[in-house]
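Structural overview
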Amino acid sequence: MKKIFFAVAMFVVALATTGCTKLLLSEPRGDEASEEQVETNVDALEYSLSGLYNLMYSGSDQWDSQIQQLRMIEGQKYIDVMSDIIASDAAVPHYGYGWMSSRSYMDQYLSDNRFNRWLWKYEYNNIRNANMIIRRCNNFLNSSTAGDEIKATAKIVRAQAVVLRSHFYSNLFNFYVKPGDTSKKFGIIYYDENNMEEVQGLSDYNDVVAKIIEDAKAAIADIEAAGLQNPTKFRLDANIAKMILAYIHLNRGRFFDETKKTESCTEALRLANEVIAATKTKHPILPYAELKTNGFNSVKSKNWMWGLDVTTEKTYSIYSFFSFVDIYTYGYASVNGFIGIDKGVYEKLDVMLDPKDGRKEWWSPALNAGGNTFNYVANNKYFTSVGKRFQGDRNWENDYCFMRSEEAYLVAAEAAYALGNEAEAKTHLKELVAQRSPENNAIDGLTGDALKDYIQNNWRIECWLEGKTFMALKRFRWDVVRSTNHYYHAGKTFKYTDDPFTFLIPDVETNFNPKL
């Protein structure tokens, strides 16, 4: 794999200079430690696993020569934002220094696009590091001299690395796999702990996803058996792992391979139901009374399952997520570089949901602040924890959500609908909507396309700018119509099959991989 990772290797070196990610690349006992020592040191497993988790918020596609680090929102959150901008329910209305407007041109799919190159390198760097951890764990598990305690540690570390690897591959599926394509311009390359040292060519999605599913199932069983807890919410537990696998199944059965619809939607429904049962008390749905007061800014929110506690050491300051969505944070949003909801979507919310649904109030069609008017800004969904004072937060320590309990209800509703079980789909929807529009009694009367559309609309509104719309678009196949508040392509209509929604393999791969 020396050639495929030529570009990735440079990326790894860059990451090695920033924060805790260095743990993945530095030896745990100093610069004199040998590779053999690392491979046989059980303490290194936990260090390396910590580094793998830290990659969830490390790096983006903008190199800053002044501060010598990658900047512009961090890791997974950057992917969430970019995917929603491409799906176009999220609009960038103004040029605003060009940070977000330049990323809203719908050209990310091109092989030489900066985001495309970064995404590919980022995910394969993550996969390589996961593979290294898995291989080290296997060395302990296959050792005749390692004790039971050491093997138990290796087993649970391996399980987490396997699930994280599944998550990284899932991101690649979502952007690079085009069902039925034979051009070899799209697709992914499969690397695991056994083949990671040799260059590989394109892999068949069906083969890879089957391996990912089986590996993840075994890893979840190990996580459950160990009773792995997640008190900080930054690491995995069984429920997060199940949701990662549920998404893989839902996307497979509803888009990538519809011959597997029954099998995969059944599994997605089973997993989501298990998560719902396990999290009703621990991670209850955000209540109606908190819709406009929560701010989506703290891992202390009970509905958050997986998230990052942003601290002074971890913040990307003016380049962080809240800098682009919250006018109460000192950043680009407050100087017209914000991301807002598509005007056409906002104007249809009464029809998409119902007139009394509280989520409509997450956005303001015209908010006056600081001498400017901010149209369709999400000032009641995303706002800083220090209060609603224009540009008042200059600490940039608002937390990041990667997964919350409401998603399980939407996965379950969609999977049940796909299986023809409308009654169960409505049950899950009603439980969610009871905390969004308490007076809504119309769900029981929905059926067929009306029910399908309502599930679709709940994905689009409930999870706005959380990275879930991109694949919902592909699963439900609605037309994308960019309204007048998009800086680029205002008024243009896209189909889910159009070029922007499936990325070409980037040139950083095709230029160095002799098997492509």
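Bear in mind that the values here come from a model prediction, so they are computed numbers and not experimental data.

Before going further, it helps to spend a moment on the pairing of strand β4 (residues 304-308). With 5 of 5 residues buried, β4 is to be regarded as a mostly interior element. Sheet topology places β4 next to strand β8 (residues 400-404); 4 bridges connect them, and they run antiparallel. Along β8, the bridge assignment pairs leucine 308 with tyrosine 400.

Another aspect to go through is the pattern of salt bridges. With the rule as written, the count across this model stands at 34 salt bridges. As a salt-bridge pair, glutamate 193 and arginine 165 come within 2.9 Å of each other at their nearest N and O atoms. Here glutamate 193, found in the loop between α6 (148-176) and α7 (205-226), pairs with arginine 165, found in helix α6; they are 28 residues apart in sequence, far enough to count as distant. Residue glutamate 193 is classed as buried on the basis of its relative accessible area of 17%. By relative accessible area, arginine 165 is classed as buried at 2%. Connected through shared salt-bridge partners, Asp357, Arg359, Lys381, Arg404, Glu406, Arg436, Glu462 and Glu466 make up one network.

Another point: the packing of aromatic side chains. For the structure on display, the rule yields 43 aromatic pairs. Geometrically, the ring pair formed by tryptophan 120 and tyrosine 176 is edge-to-face, given 4.9 Å between the ring centres and 80° between the ring planes. Placement of tryptophan 120 in helix α5 (residues 114-141) and of tyrosine 176 in helix α6 is noted, with a sequence separation of 56 residues between them. Here tyrosine 176 falls in the buried class, since its relative accessible area comes to 0%. On the numbers, 6.0 Å between centres and 80° between planes, the contact of phenylalanine 321 with tyrosine 400 is edge-to-face. Taken together, the residues span a long stretch of sequence, with phenylalanine 321 in helix α10 (residues 321-325) and tyrosine 400 in strand β8 at a distance of 79 residues. Overall, the relative accessible area of 1% leaves phenylalanine 321 in the buried class. Each residue in the set Tyr78, Phe115, Trp118, Trp120, Tyr122, Tyr124, Phe175, Tyr176, Tyr191, Phe470 and Phe503 is aromatic and connected to the rest through ring pairs, giving one cluster. The ring of phenylalanine 321 carries the charged tip of lysine 77 above its face, separated from the ring centre by 4.8 Å. The side chain of arginine 394 reaches across the aromatic face of tyrosine 330, ending 4.1 Å from its centre.

Right, let's talk about helix α14 (residues 422-433) for a bit. Along its 12 residues, α14 runs 16 Å from first to last C-alpha, staying within 8% of the 16 Å computed at 1.5 Å per residue. Buried within α14 we find Ala425, Lys426, His428, Leu429, Leu432 and Val433. When α14 is viewed along its axis, its buried side chains cluster within an angular range of 165° and face the same direction. Contacts from the buried residues of α14 go to α9 (261-279), α13 (406-418) and α15 (448-462).

Right, let's get into the nonpolar core. For soluble globular proteins, nonpolar side chains are generally found buried alongside one another. Grouped together as the largest cluster of nonpolar side chains are 149 residues, with contacts concentrated most on Phe173, Ile339 and Trp459. No other element matches α6, which puts 14 residues into this core. Those residues within four positions of phenylalanine 173 in sequence are excluded, and the remaining contacts are Ile188, Tyr205, Val208, Val209, Ile212 and Phe256. Core analysis: the second largest hydrophobic core is formed by 9 residues, Ala333, Leu367, Phe374 and Phe383 among them.

Two numbers describe how α14 lies on α15: the axes approach to 11 Å, and their chain directions differ by 35°. Note that α14 runs across α15; the crossing there is left-handed. Together, Glu422, Ala425, Lys426, Leu429, Leu432 and Val433 of α14 and Gly448, Leu451, Tyr454, Ile455, Asn458 and Glu462 of α15 make up the contact between the two elements. When its residues are assigned to classes, the contact of α14 with α15 shows 7 nonpolar, 2 polar and 3 charged.

Helical geometry: 3.6 residues make up each α-helical turn, so side chains three or four residues apart lie on a common side. For helix α8 (residues 238-256), spanning 19 residues, the distance from its first C-alpha to its last is 25 Å, which sits close to the expected 27 Å at 1.5 Å a residue. Here α8 lies mainly inside the structure; 19 of its 19 residues are buried. The distance from a side-chain oxygen at the start of α8 to the backbone nitrogen of asparagine 239 is 3.1 Å, and the residue carrying that oxygen is aspartate 237.

Moving on, we come to unusual backbone geometry. Despite not being glycine, serine 88 has its phi angle at roughly 80°, a positive value. Within the secondary structure layout, serine 88 lies in the loop between α4 (75-87) and β3 (90-91). In the Ramachandran plot, lysine 233 falls in the positive-phi region, its phi being about 70° despite a non-glycine side chain. For lysine 233, the location among the structural elements is in the loop between α7 and α8.

Each value, and the rule that gives it
- Residues numbered from 1 in each chain as written.
- Predicted model: local features only at pLDDT ≥ 70, side-chain atom pairs only at ≥ 80, totals over all residues.
- Heavy atoms only, no water.
- Buried < 20%, exposed > 50% of the residue type's maximum accessible area, 1.4 Å probe, protein only.
- Helix = DSSP H or I, 4+ residues; strand = E, 2+ residues; numbered from the N terminus.
- Pairing = 2+ DSSP bridges.
- Salt bridge = Lys/Arg side-chain N within 4 Å of Asp/Glu carboxyl O.
- Phe/Tyr/Trp six-rings, centres within 6.5 Å; stacked < 30°, edge-to-face > 60°.
- Lys NZ or Arg CZ within 6 Å of the ring centre and 35° of its normal.
- Expected span 1.5 Å × (residues − 1).
- Arc of directions from axis to C-beta.
- Contact = heavy atoms within 4.5 Å.
- Core = buried A, V, L, I, M, F, W, Y, C linked by side-chain atoms within 4.5 Å.
- Axes fitted to C-alpha atoms, helices over the stretch in contact; angles between N-to-C directions.
- Left-handed = near helix turned anticlockwise from the far one by under 90°.
- Nonpolar A, V, L, I, M, F, W, Y, C, P; charged D, E, K, R; others polar.
- Polar contact = N/O pair within 3.5 Å; in protein donor to acceptor, adjacent residues only side chain to side chain.

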